[in-house]
Amino acid sequence: MKCPFCGADDTRVIDSRPADENTAIRRRRICSSCQRRFTTYEKVESLSLIVIKKDNTREPFDRSKIEAGIIRSCTKRPISADQIKSAVDEIESELLSQGQREIHSIAIGELVMEKLKKMDPVAYVRFASVYREFKDVDTFMNELEKLKKTEDSSQ
């Protein structure tokens, strides 16, 4: 590891410990030339996902898009930022655990709706109305009826 201060190649690790909930290793290093200390982090390189859009174009997976959609759906709802972050983390983990390099945007949308349905029914309906592109009131009402039946059967 090169020293960020003097550029020397000779650095050594003086301390290692887990970081980011055991998903990374934090290492304190010292440069043998200038004696300055610095920190590095080691993480497992994650599989880069490609999203296949509805029009069959492909783009890199961007978790911030999922987060933005959930935040919009949860506006003025009793959902904390931690709950949203947790939901996005779970969705991303589930996508990565599938082991596929390419995933359809439809599958991502379904995962988001599944999480929102458990978190808050109003946020779920908001997201579904945009995601499923409800064209009229009847389609919207059908979705509400399905949600109502699901809630009634779970109680």
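Colleague: Teacher, can you tell me more about the packing of aromatic side chains here?
Modeller: For any pair of aromatic rings, the description rests on two quantities: the centre-to-centre distance and the angle between the ring planes. Taken as a whole, this structure holds 1 aromatic pair when the rule is applied. Both rings, one in Phe5 and one in Phe38, keep their centres 6.5 Å apart while their planes meet at 70°; by these two values the pair is edge-to-face. In this pair, Phe5 sits in the segment before strand S1 (11-19) while Phe38 sits in strand S3 (residues 37-43), placing the two residues 33 residues apart along the sequence. The class of Phe5 is partly exposed, set by a relative accessible area of 40%. Accessibility expressed as a relative area gives 8% for Phe38, which makes it buried.

Colleague: Hey, could you run me through the sheet that holds strand S5 (residues 58-60) in this one?
Modeller: Hydrogen bonds along the backbone pair up the strands of a sheet, which may run parallel or antiparallel. Spatially, the 3 strands line up as an open sheet ordered S5-S4-S6, and their pairing is mixed. The sheet terminates laterally at S5 and strand S6 (102-104), the two strands that pair on one side only. Neighbour to neighbour, the strand axes of the sheet diverge by 35° on average, direction disregarded. In this structure, strand S4 (residues 50-52) lies alongside S5, joined through 3 bridges in antiparallel fashion. Within S5, the position partnered with Ile50 by the bridge is Pro60. Each of S4 and S6 touches helix H3 (residues 105-119); the most contacted strand, S6, lies at about 65° to it.

Colleague: Before we go on, may I ask you to explain the pairing of S3 in this structure?
Modeller: The two faces of the sheet receive side chains in turn, since in a regular strand these alternate between them. Direction of pairing for strand S2 (residues 24-31) relative to S3: antiparallel, over a ladder of 7 bridges. Bridging across to S3, Arg26 finds its partner in Tyr41. Linking S2 back to S3 in an antiparallel pair, the connection comprises 5 residues, with Gln35 at a positive phi of about 65°.

Colleague: Is there a simple way to think about the pattern of salt bridges in this case?
Modeller: Proximity of charged atoms lets side chains of opposite charge pair with each other. Enumeration over the complete set of coordinates arrives at 10 salt bridges. The residue Arg17 makes a salt bridge to Asp15 at a minimum N-O spacing of 2.9 Å. A salt bridge links Lys65 to Glu59; the nearest nitrogen and oxygen atoms lie 2.5 Å apart. Residue class for Lys65 comes out partly exposed when judged on its relative accessible area of 47%. Residue classification places Glu59 among the partly exposed positions, given a relative accessible area of 25%. One network of salt bridges, in which partners are shared, links Arg63, Lys85, Asp89 and Glu92.

What counts and how
- Residues numbered from 1 in each chain as written.
- Predicted model: local features only at pLDDT ≥ 70, side-chain atom pairs only at ≥ 80, totals over all residues.
- Heavy atoms only, no water.
- Phe/Tyr/Trp six-rings, centres within 6.5 Å; stacked < 30°, edge-to-face > 60°.
- Helix = DSSP H or I, 4+ residues; strand = E, 2+ residues; numbered from the N terminus.
- Buried < 20%, exposed > 50% of the residue type's maximum accessible area, 1.4 Å probe, protein only.
- Pairing = 2+ DSSP bridges.
- Axes fitted to C-alpha atoms, helices over the stretch in contact; angles between N-to-C directions.
- Contact = heavy atoms within 4.5 Å.
- Salt bridge = Lys/Arg side-chain N within 4 Å of Asp/Glu carboxyl O.

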